[in-house]
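A closer look at the structure
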Amino acid sequence: MAQVVLKDLNKKFDEVYAVKDVNLHIRDKEFMVLVGPSGCGKSTTLRMVAGLEEITSGEVHIGERLVNDLPPKDRDIAMVFQNYALYPHMTVYDNMAFGLKMRKFPKPEIETRVREAATLLGIQELLKRKPRQLSGGQRQRVAVGRAIVRHPQVFLFDEPLSNLDAKLRVQMRVELKRLHDRLETTVIYVTHDQVEAMTLGDRVVVMKDGLVQQVGEPMELYSKPRNKFVAGFIGSPAMNFIETTISDASGALYAETAGLRVRVPAERTSRLAPYKGQAVTLGIRPEDLQEATGGDPQDLVFEALVEVVEPLGSEILLDTKVGTQTIVARVDPTVSTKHHQKIRLAFVPDRIHFFDNKTEQAIA
Amino acid sequence: MIRSIKTRRQAVLVVCYGVIAVFMVFFLFPPYWMALTSFKTNQEIESLKGIPFLIQQGATLKHYQDLFTKTDFLIYLKNTAIITTLVTILSLVISVLAAYSLSRLGFIGAGILGTGVFLTYLVPDTLLFIPFFKIIGWLGLLNSKWSLLLVFPTAIVPFCTWILIGYFASIPRELDEAALVDGANHLQMLLRIFLPVAVPGLVAATMFAFTISWAGFLYPMAFIFSNEEQLLTVGTVTTLIKGDVYHWGGLMAGALLACLPPVLLYAFLMDYYISGLTSGSTKA
């Protein structure tokens, strides 16, 4: 059990920064997820914690120790890799026992721990098999098992579910979460899948181009994205971004574009006032658009042309066109509409986001 | 439609087997001729009558008897076995360490060094044996079989290193990393995880090292003069060719026996060998 602290962490490959000035405090027993598109530096960060990648500058602390110059084996961590990295010439049992053997644990202790982990993961029957005789999901369990027998201070997961099919991935996701609850160990988990990040993480770090974009609890990232990148990355389908201009009329501010005119909620006007006459990006999540009813204030309603209808059962996704912009709305399954029809949609006013066009930071 | 695919497939098979048959004859005729001659009596070998492709005057083991009793064949065999074994082990140890560091440790200049290693293999030994003669002389190892322990690896190590670099590249890096995280140091990881996984590549390298050393002719010819130190290849030839007199029966018997160890090795390790060569070459 230990906290992990990253201080001004940098990694340079040739002249390019893969990781730049990362500062993170991962608390004891926390499930921390690093998420971002490929090449954002999340895996490199993890590998620096593991000791598999040299640190260009900065510090990595595990527990109370500065581990910069420690080899991986002395960091008291365990890692699960995307391609499982099971030892192909060893049985499942030997795969799981290898780390303990290397650390010179007594045989009975090894046996107990391996059996314990195997039971926990439901792979008792597989202990005598070789990795090639296992399915993808079973291999993944063995890889997890190999990590947990060692009772390390920190678990590192590098996209552990990416090689599994969609159904199995959802199942393993739940199991990992349950496992974390039971083992109460600090976890750093890297993924490019924002759903995995949201569902697993106590907190989530969104990264892009080697920089930390935002750190926060999943719902915080969802409801209060700090910039346009986080807003667009978290949530599926992604947030709509609409190019608008801020104008004022009769004491209120409006965000306007062809075919659409929204009144800026009163509590936001002071922050948006300096943008009068300027272009800002309005962000609205598909689920924060609803079919307008008669009761909706007219300055939150707009008319859109339905181009594609995607019924998903529990909801319907509408790809609509307003002026030149495409807007996706996620409406109730009871809404009946067809493509080429017009539909009136209403904003949920307190869910509207605004972003500065130059800095891409949220205006809030 | 289905039928036409089937007949076309059969036609292709016929062509394939035809080509294979031609190659079989081409490659198997020399060993056949070798075996045949070694069992013929001297009279039959020298006779111009009859069909030369068959034994017609009765088979004999005399050439084999003479080989073991009247020549130093057993000494040559022993020398060759010792040298080949040691050369193979030595070359493999060096190659494995070289290939591992070149392919995995990623130090500056590793790429250039890797290419350089391969280029040294391209220098023919017919060029090298003259300077080597000087060096061996300085070391006082002329006319000693141990000189071969130094010169054979110069040809074997570069190529084996190159084969192994290719094979190692096909082993996922995560495997070593997992072992390192699991608590192994570099040597433990190499011995317990990496090399067991690399067995096909190691087999390919072993076969190569064994063959080169076993069949080496030029270096023993140049550096070794006495029978006690001589190897199989040169020894057989110098003993059984006296001036312009060729003892064909003995020569062929010796050659056939000399072929056996490599053939047996290949037969046992063939499957490994092929997978080692191919996976090495596609990923290199």
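Residues numbered from 1 in each chain as written. Chains lettered and ligands numbered in written order. Predicted model: local features only at pLDDT ≥ 70, side-chain atom pairs only at ≥ 80, totals over all residues. Heavy atoms only, no water.

Within chain B, the regular secondary structure consists of 13 helices and 2 strands. Over its C-alpha atoms chain B spans a radius of gyration of 24 Å, topping by over 25% the 19 Å that the globule rule assigns to 284 residues. With the C-alpha coordinates aligned to their principal axes, the bounding extent of chain B is approximately 75 × 75 × 30 Å. In chain B, buried positions account for 39% of the 284 residues. A fraction of 73% describes how many contacts in chain B between residues 6 or more apart in sequence connect residues 24 or more apart. Per element, the accessible surface of chain B, about 15,900 Å² overall, is 73% carbon and sulfur. For chain B, the centre of its 16 positive side-chain charges and the centre of its 13 negative side-chain charges are spaced 10 Å apart. (Helix = DSSP H or I, 4+ residues; strand = E, 2+ residues; numbered from the N terminus. Rg over C-alpha atoms; globule rule 2.2 N^0.38 Å. Buried < 20%, exposed > 50% of the residue type's maximum accessible area, 1.4 Å probe, protein only. Contact = heavy atoms within 4.5 Å. Areas by Shrake-Rupley, 256 points an atom, 1.4 Å probe, with all protein chains shown as cover. Lys, Arg positive; Asp, Glu negative; His and termini not counted. Charge placed at Lys NZ, Arg CZ, Asp CG, Glu CD.)

Moving on: the nonpolar core. Ile62(A), Leu156(A), Ile188(A), Leu148(B), Phe168(B) and Phe223(B) are the most contacted members of the largest nonpolar core, which has 77 residues in total. Here this core takes 10 residues from helix α7 (residues 146-169) of chain B, the largest share from any one element. Val80(A), Leu121(A), Leu200(A) and Val230(A) belong to the second largest nonpolar core, which has 47 residues in total. (Core = buried A, V, L, I, M, F, W, Y, C linked by side-chain atoms within 4.5 Å.)

With that out of the way, let us pick up the packing of helix α4 (residues 73-104) of chain B against helix α10 (residues 199-215) of chain B. Residue and element names in this part refer to chain B. At a minimum axis separation of 9 Å, α4 and α10 run at an interaxial angle of 140°. If you check the angle between α4 and α10, you find them oblique. Like other packed secondary-structure pairs, α4 and α10 cross with a definite hand, here right-handed. Contacts between α4 and α10 pair Leu77, Thr80, Ala81, Ile83, Thr84, Val87, Thr88, Leu92 and Val96 from the former with Leu202, Ala205, Thr206, Ala209, Phe210, Ser213 and Trp214 from the latter. Of the residues contributing to the contact of α4 with α10, the split by class is 11 nonpolar, 5 polar and no charged. (Axes fitted to C-alpha atoms, helices over the stretch in contact; angles between N-to-C directions. Parallel < 35°, antiparallel > 145°, perpendicular 65-115°, else oblique. Left-handed = near helix turned anticlockwise from the far one by under 90°. Nonpolar A, V, L, I, M, F, W, Y, C, P; charged D, E, K, R; others polar.)

Next up on the list: the sheet that holds strand β17 (residues 316-322) of chain A. Residues and elements named next belong to chain A. Reading across from one edge, β15-β19-β16-β17-β18 is the order of the 5 strands in this open sheet, with antiparallel pairing throughout. The sheet is open, and its two edges are formed by β15 (289-291) and β18 (325-331), each paired on a single side. Averaged over all pairs of adjacent strands, the angle between strand axes in this sheet comes to 50°, irrespective of strand direction. (Pairing = 2+ DSSP bridges.)

Residue and element names in this part refer to chain B. You can read the domains of chain B as domain 1 (2-60) and domain 2 (63-283). Listed as interface residues are 10 residues of domain 1 and, on the opposing side, 9 residues of domain 2. Connecting domain 1 to domain 2 are 0 salt bridges. Inspection of the domain 1/domain 2 interface yields 2 residue pairs in polar contact (both at pLDDT 80 or more). For the side of domain 1 that touches domain 2, the leading source of residues is helix α1 (residues 2-39), giving 6 residues. (Domains from an automatic or database assignment. Salt bridge = Lys/Arg side-chain N within 4 Å of Asp/Glu carboxyl O. Polar contact = N/O pair within 3.5 Å; in protein donor to acceptor, adjacent residues only side chain to side chain.)

Residues and elements named next belong to chain A. Together, Asp181, Glu184, Asp202, Glu217 and Glu220 line one region of the surface with negative charge. One can find aspartate 202 in the loop between α6 (194-200) and β9 (203-208). Assessed through its relative accessible area of 35%, aspartate 202 is described here as partly exposed. (Patch = residues over 30% accessible without salt bridge, like charges linked within 9 Å, V, L, I, M, F, W, Y side chains within 5 Å.)

Turning next to the pattern of salt bridges. All chains considered together, the criterion is met by 25 salt bridges over all chains. In this structure, Asp182(B) engages Arg146(A) in a salt bridge whose closest nitrogen and oxygen atoms are separated by 3.9 Å. With Asp182(B) in helix α8 (residues 173-182) and Arg146(A) in helix α4 (residues 136-148), this pair bridges two chains. In this structure, Asp182(B) and Arg146(A) share a single accessibility class: buried.

Turning next to the packing of aromatic side chains. This model, assessed by the stated rule, comprises 28 aromatic pairs over all chains. Both rings, one in Phe152(B) and one in Tyr219(B), keep their centres 6.2 Å apart while their planes meet at 50°; by these two values the pair is tilted. Here Phe152(B), found in helix α7, pairs with Tyr219(B), found in helix α11 (residues 218-223); they are 67 residues apart in sequence, far enough to count as distant. Each member of the pair Phe152(B) and Tyr219(B) is classed as buried. With centroids separated by 4.7 Å and ring planes inclined at 75°, the aromatic side chains of Phe168(B) and Phe194(B) adopt a geometry described as edge-to-face. Note that Phe168(B) is positioned in helix α7 and Phe194(B) in helix α9 (residues 186-197), a separation of 26 residues in sequence. Given the relative accessible area of 1%, Phe194(B) is considered buried. In this structure an aromatic cluster arises from ring pairing among Phe118(B), Tyr121(B), Phe159(B), Trp162(B) and Phe208(B). In this arrangement the basic side chain of Lys20(A) is found over the ring face of Tyr17(A), its NZ or CZ atom lying 4.3 Å from the centre. The lysine or arginine in question, Arg261(A), covers the ring of Tyr254(A), its NZ or CZ lying 3.9 Å from the ring centre. (Phe/Tyr/Trp six-rings, centres within 6.5 Å; stacked < 30°, edge-to-face > 60°. Lys NZ or Arg CZ within 6 Å of the ring centre and 35° of its normal.)

All names here are of chain A. The omega torsion across serine 236 and proline 237 is -5°, close enough to zero to call that bond cis. One non-glycine residue, alanine 85, lies in positive phi territory at about 50°. With respect to the secondary-structure elements, alanine 85 resides in the loop between β6 (77-80) and α2 (92-102). Not every positive phi belongs to a glycine, and glutamate 184 is a case in point at roughly 50°. For glutamate 184, the position within the fold is in the loop between α5 (166-183) and β8 (186-191).

The strands making up a sheet associate through hydrogen bonds between their backbones, and the pairing can be parallel or antiparallel. Residue and element names in this part refer to chain A. The 5 strands lie next to each other as β13-β12-β11-β14-β20, forming an open sheet whose pairing is antiparallel. Every interior strand has two partners, whereas the edge strands, β13 (260-263) and β20 (353-356), have only one. Each neighbouring strand pair of the sheet contributes to a mean axis angle of 40°, computed without reference to strand direction. One ladder, built from 5 bridges, connects strand β11 (residues 240-249) with strand β12 (residues 252-257); its direction is antiparallel. Pairing of isoleucine 246 across the sheet is with alanine 255, part of β12.

All names here are of chain B. With respect to the helices and strands, the residue serine 147 is situated in helix α7. Judged by relative accessible area, which is 0%, serine 147 ranks as buried. When near neighbours in sequence (up to four residues on either side) are disregarded, serine 147 contacts Ile136, Leu141 and Phe223.

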